[in-house]
Amino acid sequence: GTAVVLGASLGYEAYAIGLSHGVRTVGVELLCSLRDLAEQVRSDRRVAPDLVSFECADALSWRLPKDTRLVYCDDTAWDAHAIQGLAKKLGEELPAGVVVLHNQPHGFNADPRFKLLQVVEVATSWNTRHPLIVHMTQPASSAARAALKGEL
C-alpha cells in the first residue's frame, strides 16, 4: 500500500515513513517552493522516487492513490473549514481500514466514518504536548449503525 502525507512541507514526515518503514510514500504540499525543496533533498540524497516522492497540489482536490493505507495530515496550521473539507473527502474516498493521523479534531471526531483509536502527545519545537490523533476509517454501514446508536 501507499502512505500519503498531506501538508508535507519540506518532507520530513514523508521521509520518516518511507525510509523507516520501506513504505511507498507520497508527500503533497500546497506551496510549490516547499515541494521543490523536498524533491531536491530527495534527489541529492538519492532516495528512490518510487519510495518517496512529492507533488505540489491542493490536498482537498488531489486524487488519492487507490492503494492508500495510511494518511498523515499535518493540519496544525489549517483552518477548521479546510480540515472539515478534508475529513469529508477522506471519509468518502478511502476504504475501511485506512489509518488517518492528524493534529486537529475539527471534522474527524464527530464523523462516524472515523473511529478514534488513540490520541498521543508528542514533543515539538512549539509545544511539548502536541496532539497526534489516530483514527481508522470505518465501513459506511458500521459508521451509520454507530451513529444511529449514539456510540460515536
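Residues numbered from 1 in each chain as written. Predicted model: local features only at pLDDT ≥ 70, side-chain atom pairs only at ≥ 80, totals over all residues. Heavy atoms only, no water.

## Side note on unusual backbone geometry
Applicable threshold: Going along the chain from the N terminus, every DSSP run of H or I of four or more residues is numbered as a helix, and every run of E of two or more is numbered as a strand. The classification of residues rests on relative accessible area computed with a 1.4 Å probe and restricted to protein chains. Under 20% of the type maximum is buried, over 50% is exposed, and intermediate values are partly exposed.
The phi angle at S9 is positive, at roughly 50°, despite the residue not being glycine. Summarising the element assignment, S9 is placed in the loop between β1 (2-6) and α1 (12-21). At R46, a residue that is not glycine, the phi angle is positive and equals roughly 55°. Structurally, the position occupied by R46 is in the loop between α2 (32-44) and β3 (52-56). Judged by relative accessible area, R46 falls into the exposed class, the value being 77%.

## So, the sheet that holds strand β2 (residues 24-29)
Under the convention used in this document: Strands pair, by our definition, only if DSSP identifies at least two bridges between them. Interaxial angle, 0 to 180 degrees, is taken between N-to-C directions of lines fitted to C-alpha atoms, where a helix line uses only the stretch in contact.
Overall, mixed pairing links the seven strands, which are arranged β3-β2-β1-β4-β5-β7-β6 in an open sheet. Edge positions in the sheet fall to β3 and β6 (114-122), since each has one partner strand and no second. Between one strand and the next, the sheet's axes are offset by a mean angle of 20°, whatever the strand orientation. Where β1 and strand β4 (residues 68-73) come together, five bridges link them in parallel fashion.

## Quick notes on the state of the cysteines
We count it as follows: The disulfide definition used here is simple: a pair of cysteine sulfur atoms within 2.5 Å.
On inspection of all chains with the given rule, the structure shows one disulfide. The disulfide that involves C32 links it to C56, with 1.9 Å between the sulfurs. Looking along the S-S bond of the C32-C56 disulfide, the torsion reads about -75°, which is the left-handed sense. With C32 in helix α2 and C56 in strand β3, the pair connects residues that are 24 residues apart, well separated along the chain. On the basis of relative accessible area, C56 is assigned to the partly exposed category, the value being 30%. Lacking any disulfide linkage, C73 is separated from the closest cysteine sulfur, that of C56, by 16 Å.

## A look at the environment of F114
Examined against the element boundaries, F114 turns out to sit in strand β6. Relative accessible area serves as the criterion here: at 2%, F114 is assigned to the buried category. Taking the C-alpha atoms as reference points, F114 and T76, 38 residues apart in sequence, are found 19 Å from one another.

## A closer look at the packing of aromatic side chains
Worth spelling out the cut-off: Pairing of aromatic rings covers Phe, Tyr and Trp, the last counted by its six-membered ring, and requires centre-to-centre distances within 6.5 Å; plane angles under 30 degrees mean stacked, over 60 mean edge-to-face, and any other angle means tilted.
According to the stated counting rule, one finds two aromatic pairs in the structure shown. Both rings, one in F108 and one in F114, keep their centres 4.9 Å apart while their planes meet at 70°; by these two values the pair is edge-to-face. Neither residue differs from the other here; F108 and F114 are each classed as buried.

## Let's talk about the pairing of strand β5 (residues 99-102)
Going by this rule: Here, the term right-handed applies to a crossover whose path from the first strand over the helix to the second runs clockwise when the strands point away from the viewer.
One ladder, built from three bridges, connects β4 with β5; its direction is parallel. Paired with Y72 across the strands is L101, a residue of β5. Note that the unit made of β4, helix α3 (residues 80-93) and β5 has a crossover that is right-handed. As paired strands, β5 and strand β7 (residues 130-137) are joined by four bridges and run antiparallel to one another. Following the sheet pairing, V100 is matched in β7 by H135.

Remember that the coordinates give geometry; whether it matters functionally is a separate question.
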